[in-house]
Structure formats: C-alpha cells, structure tokens
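Below, each chain spelled out in residue letters.
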Amino acid sequence: MEHKTREEVIDHSPQNTEKASGELYLESLRRMAEHNKEASRYPLTGLYNMRTFFYLSSELMQQNPKSSFGVIAMDIAQFKSVNEFCGRSEGDRMLKYIADCFRYYEDNRPKTCVCQVRADNFCLFTAFEEEQELVDIVQDIRAKIDEFSFAYRVLPSFGICTSEKEQTSVSYMKDCATIAMQSIKGKFFAEYAFFDDEMRKQMLREKQVENDIVAALKNGELTAFIQPKVNMRTGRIIGGEALVRWRHPERGLISPGVFVPVLEKNGFIINVDRYIWEQIFSYLSRLKQEGRPLVPISINVSRVHAYDKHLCDTLVELTEKYDVPAEYAPLELTESAFLEDEAGMFQRMKKLRDRGFKIAMDDFGTGYSTMYMLKSQNMDEVKMDRIFILDLEDEKSQIVLKYTTAMLLALGSKIIMEGIETEEQKKLVLECGCENAQGFLFYKPMPIEEFDELLRKQEEAQ
Ligand code: C2E
Ligand code: MG
Ligand code: MG
C-alpha cells in the first residue's frame, strides 16, 4: 500500500471525524511509544509491551485495510507455582523461552507483531487468509512449550479473536481474545477457543450492566427486598435477609445473579452493598421509632470487601447514624471472601465481632476452605446451601445432610437451611435438628413494605 504522510491522512472534515479520531489515537500511541523507547519493551524478554504493540498493530491494520487480522492471547495456568516450586530463575528461563516462541513469528511472518502483557501473558497479532493459520500458530507454540523440559509441566491456554468486517480496534480484539482464553483456562484438553457469538452476547450484557448501573443507583432503580427467615416448628418469622433487586425501566426486575458478578469484577458492588445496607438500617430504625420489636435482617457482604479497609468503619457508622444495635444486621459472608485475602478478612471479622456484629457463613458447602474455617474461626451462624437438600430421595444425599448437620451442631454452630421448597425437605431437615430455614416453601423475597405487613400481623397475633 502506498504510504501517505500523516498530515495527508488526517482529514478533519466532519464526515471524517471518526477516521480522524482513529488517526489521532494512533498518533498519540506513536508519541507515547517513541517518547518512551526504553519502556517500550518488557525488560526480561525484550518483547514489546502492550502499548507499543497496540500502536504497531493498529498501524498494520490501517496500512492493510483489506487484510483480515487475528489476535491470539496466551496465558499460563498457575505460573506462580513454577516460581514457587522451581525457583525464580527457572521461571525467568521459561518466560524467555516462551517469548522466543512468540518472537519467531514476529521475525518470520509478515504483518505480525507480538507482546508480553504481564509475566505469563502474551499476545500475537497477525494478518491471515484462513483461520486455520491461527490454529497452526497456537498448536506450534503449544508444542514448543511442551517440548521444553521443565521439572514442572505448564498448561498454556489460548484465546483467538479475528477482526470482523466492520472496523475493530486492536485493544477490543485483545479483550475478546482474553475472554475466549479465560473460558478454557486450566482445562487440560482445551487448547484454544475462538471468541464466539455467545461470548459476544455475554460481553455486551456485561457492558450494558456496567453502563447502566451508575444511573440506576442514582435513580433509585436498585432496591432491597427481604426474604423472611422462619422457625419451621412454630412457623414464626425470626428475621430476614436483604437481597438486592434492580427494577430496570426497560428490562423489568433483574435478579442479582445477572449483575452482582459483573459488579464484583469492576468493584462497583461496594457502592451497591452500601446502598442496600443503608436501606436496611433505615428500616430497622423505623421499627425502633415505632416502638416495635426489632428482628435481625442480615445483609450480604460481597467478597470484594475482602480488600475494603473501610468495611468496619462503614458498618459502624451506619449503626451510629441510625442508632440501631449491630446485632440486628448480621453479615452474610461467602467463603470465597476468605480466598481473596484470608488474613485481612479474619482480622476484619474479628474487629466487626468486637463491635457487636454477628457473622454468618453463607453458602456453606459450596466452597473450598469450609472445614478449615469452621475449626479456626468462630462463626455465629452457618447458612447451609440448598445443595444439601437436593436429590433427597437418594440415600447418600440424606447421609450427607444428616452428618453435616450433626457436625455443625456438635461444633456449637447455629444453623439455618437455605432454599427449602417442599414439605419433604422441611420434614427431613427438621429430623436432623435444624429448625431455622429460609425458602420458597415459606416466603419468597419481597418488597420491604410487604415484609413489614407480615411482621405487623405477627406482632398483633401475640
Ligand atoms: P444468597 O445470599 O445465598 O441468597 C439466597 C438466594 O437464594 C436468593 O437468590 C434467594 O432468592 C434464593 N432462594 C431463597 N429461597 C429459595 C428456594 O427455596 N429455592 C431457590 N431455588 N432459591 C431460593 P437471589 O436473591 O437471586 O440472590 C442470589 C445471590 O446474589 C445471593 O445468594 C447473594 O450471593 C447475591 N446477592 C443478593 N443480594 C445481594 C446484595 O445486596 N449484595 C451482594 N453482595 N450480593 C447479593
Ligand atoms: Mg446471603
Ligand atoms: Mg446463600
């Protein structure tokens, strides 16, 4: 292709603003890359860093508008273990070797550039005619990594994204290749995955959540529902759990399963949790002002708070602002919160308990560190996940239910069973000595006003 000077290429007429902004983007990438020649390469391996890679590959794309391009992203599962088991110098040797496998393509294949994103994270950008060429590159690199004899065998995963008909940016393609890669990370038999339509839809859904959530919070579209907790013997409501709901103006009521995981990825869940907690404290303070008996309404604490140094202060401030004792807002924590920053989380928990908060372990039975945590830390309550009461016609499931409940009771834990839907489940759980439950058989999550109505009736019946 004939090269034009930059000034010739940049056309500032309004119709071309999109093209012009693409050029400006390239220009700013080029300036950044040139300003910082030293920093444009990854020190250990000498491969380009991501910024320079974006600039070079964007330029290749602009110079070859008729070519199809692909981005291949690669990550090594558990690379940390290589450093831990084989020593850092062995880890470095491996990274240099892998870098050479990538560099080979930069040196020998036209219209190709490669980079190192992080230690064990590499990217390759190349023009292709048949998709199979990209698969061949992946398989070649994987075979070379397999050949290199290490005391510790590593498992690379590859994700591939190809440019579409419409103009796509390299950074978008890299994001898509990374999503494809993550879909198979650590799976031994899956060598690579292409970014496909399902992933694209999922990504759009996630982007939409990210785009809409800030306004949703401001416009009051998020609201706390409460699901009553009952004593199954007496039928009395003993408290509730706050569960967030999103009343989307177009999409209706959205359940947290759809948006909480997205907000946990970008950290915004911290704001949402705080908002829900505030609604609950405000409701509890209303009960108090009306001179009615308080019941504990537990609030969910996302695993993201494992990194939140202000967690304790935020919660204590709420108890002071609303003048509600901490024990009426028990905290539901999932085990995964402890996987993130175990020591920090234990510390935070201790501080919270010292300030009067009760801690419940949520979704007990679905994580990894459960048993260890039961031994090492005093929980005030354990919420048994509904997996314990699925398939109860199977004798094995009954045994697991019976002995797990017995163990928890012997440890002195208070327990509550989640997700009871049938009389049969209720009967078996009661037989195990667990009286408290939460489930659709009794009540579904409901708006605070409805919950309040139920409480009022219960108070009047006394
Ligand atoms: P979770 O904390 O374990 O909450 C219990 C979930 O089980 C709720 O789902 C509830 O509606 C559902 N459930 C209750 N009884 C039954 C039953 O009998 N059968 C079945 N199939 N399900 C039942 P929901 O409201 O969709 O919430 C899902 C998860 O989202 C929650 O699980 C929690 O981890 C998270 N979540 C909800 N609200 C919040 C929040 O305000 N903050 C944070 N960080 N996470 C939240
Ligand atoms: Mg919960
Ligand atoms: Mg749960």
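Calculation rules
Residues numbered from 1 in each chain as written. Chains lettered and ligands numbered in written order. Predicted model: local features only at pLDDT ≥ 70, side-chain atom pairs only at ≥ 80, totals over all residues. Heavy atoms only, no water. Near = heavy atom within 4 Å. Polar contact = N/O pair within 3.5 Å; in protein donor to acceptor, adjacent residues only side chain to side chain. Areas by Shrake-Rupley, 256 points an atom, 1.4 Å probe, with all protein chains shown as cover. Helix = DSSP H or I, 4+ residues; strand = E, 2+ residues; numbered from the N terminus. Nonpolar A, V, L, I, M, F, W, Y, C, P; charged D, E, K, R; others polar. Buried < 20%, exposed > 50% of the residue type's maximum accessible area, 1.4 Å probe, protein only. Pairing = 2+ DSSP bridges. Axes fitted to C-alpha atoms, helices over the stretch in contact; angles between N-to-C directions. Contact = heavy atoms within 4.5 Å. Donors = N, O, S within 2.8 Å, 3.2 Å for Na, K, Ca; no water. Phe/Tyr/Trp six-rings, centres within 6.5 Å; stacked < 30°, edge-to-face > 60°.

S.K.: Can you explain the site of ligand 1? Please cite residues and give values.
M.R.: As a matter of local geometry, ligand 1 sits amid 22 residues, with Arg245, Asp273, Asp362, Glu421 and Phe440 nearest to it. The contact in question runs from a nitrogen atom of ligand 1 to an N or O atom on the backbone of valine 244, over 3.1 Å. Note that a nitrogen atom of ligand 1 is positioned 3.4 Å from one of the side-chain N or O atoms of arginine 386. Out of a free accessible area of 810 Å², ligand 1 has 82% covered by protein chains. For the shell around ligand 1, the secondary structure elements donating two or more residues are strand 7 (237-248), helix 10 (269-289) and strand 11 (359-364). Residue contributions to the shell around ligand 1 peak at four residues, all from strand 7. Partitioned by chemical class, the residues of the shell around ligand 1 number eight nonpolar, five polar and nine charged.

S.K.: Which residues make up the pairing of strand 7, and what values go with them?
M.R.: Of all 12 residues that make up strand 7, 10 are buried, and the element is covered over most of its length. Pairing geometry for strand 6 (residues 222-231) and strand 7, over nine bridges, is antiparallel. Bridging across to strand 7, threonine 223 finds its partner in arginine 245. In this antiparallel pair of consecutive strands, strand 6 and strand 7, the connection spans five residues, and glycine 235 shows a positive phi of 80°. Relative to strand 9 (residues 297-301), strand 7 runs parallel, the two being bridged by two bridges. Residue glycine 240 lies in a different strand from strand 9, and its bridge partner there is isoleucine 297. Taken together, the three bridges between strand 7 and strand 8 (residues 252-254) define a ladder with antiparallel strand orientation. The residue of strand 8 that forms the bridge with histidine 248 is glycine 252. Taking the residues that link successive antiparallel strands as the turn, the strand 7-strand 8 hairpin has three residues.

S.K.: So what's going on with the pairing of strand 6? Which residues, and what values?
M.R.: Across the 10 residues that make up strand 6, a large majority, 10, are buried. Because side chains alternate across strand 6, one face comprises the buried residues Leu222, Ala224, Ile226, Pro228 and Val230, and the other comprises Thr223, Phe225, Gln227, Lys229 and Asn231, equally buried. By the bridge criterion, two bridges tie strand 6 to strand 15 (residues 446-447) in an arrangement that is antiparallel. Within strand 15, the residue paired with phenylalanine 225 across the bridge is proline 447. Inspection of the sheet shows strand 6 paired to strand 14 (residues 436-438) by two bridges, in the antiparallel sense. Note on strand 14: the bridge partner recorded for asparagine 231 is asparagine 436.

S.K.: Let's hear about the sheet that holds strand 1 (residues 68-77): which residues, and what values?
M.R.: A sheet is described by the order of its strands in space; here five strands give the open sequence 2-3-1-4-5, paired in mixed fashion. Of all strands in the sheet, those with a lone pairing partner are strand 2 (112-118) and strand 5 (192-194), marking the two edges. Adjacent strand axes in the sheet meet at a mean angle of 20° when their direction is disregarded. Sheet topology places strand 1 next to strand 3 (residues 121-128); eight bridges connect them, and they run antiparallel. For alanine 73, the partnering residue across the bridge sits in strand 3 and is cysteine 123. Packed onto the sheet, helix 5 (residues 88-108) meets strand 1, strand 2 and strand 3 and runs at close to 10° relative to strand 3.

S.K.: So what's going on with the coordination of the magnesium ion (ligand 3)? Residues and values would help.
M.R.: Every protein donor of the magnesium ion (ligand 3) is listed here as Asp362 (OD), Asp363 (OD), Glu418 (OE) and Glu418 (OE), and their distances to the metal cover 2.1 to 2.4 Å. Separating the magnesium ion (ligand 3) from the magnesium ion (ligand 2) is a gap of 4.1 Å, bridged by aspartate 362, which donates to each. Of this pair, aspartate 362 sits in strand 11 while glutamate 418 sits in strand 13 (residues 414-418); the two residues are 56 residues apart in sequence, bridging distant segments of the chain.

S.K.: Provide a residue-level description of the packing of aromatic side chains, including the pertinent values.
M.R.: In this description, an aromatic ring pair is defined by two values, namely the gap between the centres and the angle between the planes. Applying the stated criterion across every chain yields a total of nine aromatic pairs. Plain terms: the ring middles of phenylalanine 102 and phenylalanine 122 are 5.2 Å apart, the flat faces sit at 15° to each other, and that makes the pair stacked. On the criterion of sequence distance, the pair formed by phenylalanine 102 in helix 5 and phenylalanine 122 in strand 3 is long-range, its members being 20 residues apart. A relative accessible area of 0% places phenylalanine 102 in the buried class. For phenylalanine 122, a relative accessible area of 0% puts it in the buried group. Where tyrosine 283 meets phenylalanine 451, the ring centres are 6.3 Å apart and the plane angle is 75°; that geometry is what we call edge-to-face. Pair noted here: tyrosine 283 is in helix 10 and phenylalanine 451 is in helix 17 (residues 448-461), with a separation of 168 residues, a long-range link. Here tyrosine 283 falls in the buried class, since its relative accessible area comes to 3%.

S.K.: Tell me about the coordination of the magnesium ion (ligand 2), and name the residues and values.
M.R.: Taken together, the protein donors to the magnesium ion (ligand 2) comprise Glu241 (OE), Asn300 (OD1), Glu332 (OE) and Asp362 (OD), at separations of 2.0 to 2.4 Å. Between consecutive donors of the magnesium ion (ligand 2), the numbers of intervening residues give the motif E-x58-N-x31-E-x29-D. Residue asparagine 300 is classed as partly exposed on the basis of its relative accessible area of 23%.

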